[in-house]
Amino acid sequence: MAHELRGAELDQFLDRLFDLSGVDLSGYGKRALQRRLRSLISGEGLSGLGELSERIGSDPRFLAHVLDRLMLRVTTMFRDPSFFSLFRGRVVPLLRTYPYPRLWVAGCSTGQEAYSLAILLREEGLYDRCRIYATDLNDAVLEKARSGVLPLVALDEYEQNYRAAGGIRALSDYYIRGKTSAVLDPGVLDRIAVFRHDLARDASFNEFQVIFCRNVLMYFDE
């Protein structure tokens, strides 16, 4: 695409985006934002950021679509199984020394990482005295996180990840499978608090023993 996204033009667009949505992307890595914006502009057949800015101001649905494209969400249950295996072996023993461990999954997206953590802690006999806080900027993904719904097409991948992460049962023990989706056992969701939080603008809201930022740090600048 020939159109160049100049620094001042990009800043103006991000200001416009913030005014319309309350979402502050000014601290995100500029190269990643530019790549996504070029792809978005090209895919929508727009002339540039000016036309994109006009469109988000006149079409709330398109604004939501743009935010979803810019805040790329990559999440799956027990993603990077070796991480969860190490967490089980090295971090869980430390958590046992606290009476009520608090864990924060920042940038939780649709909740798969929080679900994974809940299952792991349940298997380690810690979940009843833990609290998991799962936060994100996007209300739509937060609704999905609260629902505990899992896509059927991903269940085989989730099962493989769970086993590689050191799971001691079958992942299917933790959900009920339906015709179009699966729903997590309410006991998995019981200690997860899901709510909106903006890492770029909001302060920390508690003290934590563990903070997961695996889904978000890669997107911010220094």
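Please read all numbers here as calculations on a predicted model, not as lab measurements. Along each chain, numbering runs from 1 in the same order as the chain's sequence is written. Given that this is a predicted model, residues contribute local features only at a pLDDT of at least 70 and side-chain atom pairs are listed and counted only at 80 or more, while totals for whole chains, interfaces and linings are drawn from all residues. The side-chain quantities take in all heavy atoms of the structure and omit both hydrogens and water.

Asker: When you look at the environment of Tyr115 in this model, what are you seeing that I'm missing?
Answerer: If you trace the backbone, Tyr115 turns up in helix α6 (residues 112-123). Separated by 74 residues in the primary sequence, Tyr115 and Leu189 have C-alpha atoms spaced 7.2 Å apart. Contacts were defined at the residue level, with two residues in contact if any of their heavy atoms lie within 4.5 Å. The contact partners of Tyr115, leaving out residues within four places of it in the chain, are Met77, Thr110, Lys144, Ala145, Arg146, Gly148, Val149, Leu150, Leu184, Val188, Leu189 and Ile192. In DSSP terms, a helix is any run of H or I states spanning at least four residues, a strand is any run of E spanning at least two, and both are numbered starting from the N terminus.

Asker: Is there a simple way to think about the sheet that holds strand β7 (residues 210-212) in this case?
Answerer: Hydrogen bonds between backbone groups are what pair the strands of a sheet, and the pairing can be parallel or antiparallel. Strands pair, by our definition, only if DSSP identifies at least two bridges between them. Pairing is parallel across the open sheet formed by 4 strands, whose spatial order is β6-β2-β1-β7. Edge positions in the sheet fall to β6 (192-196) and β7, since each of these pairs with one other strand and no more. Shown here is a sheet whose adjacent strand axes are inclined to one another by a mean of 20 degrees, direction ignored. As defined by bridge partners, strand β1 (residues 102-106) adjoins strand β2 (residues 131-136) across 5 bridges and the pair is classed as parallel. Note that in β2 the partner of Leu103 across the bridge is Ile132. In this analysis an axis means a line fitted to C-alpha atoms, helices contributing only their contacting stretch, and an angle means the value between N-to-C directions, from 0 to 180 degrees. Of the strands in this sheet, β1 and β7 touch helix α5 (residues 81-95), which is tilted by about 160 degrees from β7.

Asker: Can you help me understand the pattern of salt bridges in this one?
Answerer: Note that side chains of opposite charge can pair when their charged atoms are close. Note on definitions: salt bridges are taken to be side-chain nitrogens of Lys or Arg within 4 Å of carboxyl oxygens of Asp or Glu. Counted by the stated rule, this structure contains 11 salt bridges. Between Asp80 and Arg214 there is a salt bridge, with the nearest N and O atoms lying 3.3 Å from each other. In this pair, Asp80 is assigned in the loop between α4 (60-70) and α5 and Arg214 in the segment after β7, connecting sequence segments 134 residues apart. Burial classification: accessible surface area is computed with a 1.4 Å probe over protein chains only, and a residue below 20% of its type maximum counts as buried, one above 50% as exposed, and the rest as partly exposed. Given the relative accessible area of 17%, Arg214 is considered buried. A salt bridge links Arg169 to Asp173; its shortest N-O distance comes to 3.3 Å. Residues joined by salt bridges that share partners form a network here, namely Arg79, Asp80, Glu113 and Arg214.

Asker: Would you explain the packing of helix α1 (residues 7-21) against α4 in this entry?
Answerer: Between two packed helices, what matters for the description is the angle formed by their axes and the separation of those axes. In the contact formed by α1 and α4, the axes pass within 12 Å of each other and the chain directions differ by 120 degrees. Our classification of the angle between α1 and α4 gives oblique. Like other packed secondary-structure pairs, α1 and α4 cross with a definite hand, here left-handed. Where α1 approaches α4, its residues Phe13, Leu17, Leu20 and Ser21 are matched on the opposing element by Leu63, Val66, Leu67 and Leu70. Taken together, the residues that form the contact of α1 with α4 break down as 7 nonpolar, 1 polar and no charged. Our angle categories are set so that under 35 degrees counts as roughly parallel, over 145 as roughly antiparallel, 65 to 115 as roughly perpendicular, and the remainder as oblique. For any pair of crossing helices, the crossing counts as left-handed if the nearer helix is rotated counterclockwise from the farther one by less than a right angle, and right-handed if it is rotated clockwise. Charged means Asp, Glu, Lys or Arg here, nonpolar means Ala, Val, Leu, Ile, Met, Phe, Trp, Tyr, Cys or Pro, and polar covers whatever is left, Gly included.

Asker: Just to check I follow, could you spell out unusual backbone geometry for this structure?
Answerer: In terms of backbone geometry, most residues other than glycine have negative phi values and most peptide bonds are trans. A positive phi is found at Asp80, a non-glycine position, where the angle reads about 55 degrees. Asp80 sits in the partly exposed class, given a relative accessible area of 40%. Its identity as a non-glycine residue notwithstanding, Ser109 has a phi of 55 degrees, on the positive side. Relative to the helices and strands, Ser109 resides in the loop between β1 and α6.

By themselves, these figures tell us nothing about what the structure is for.
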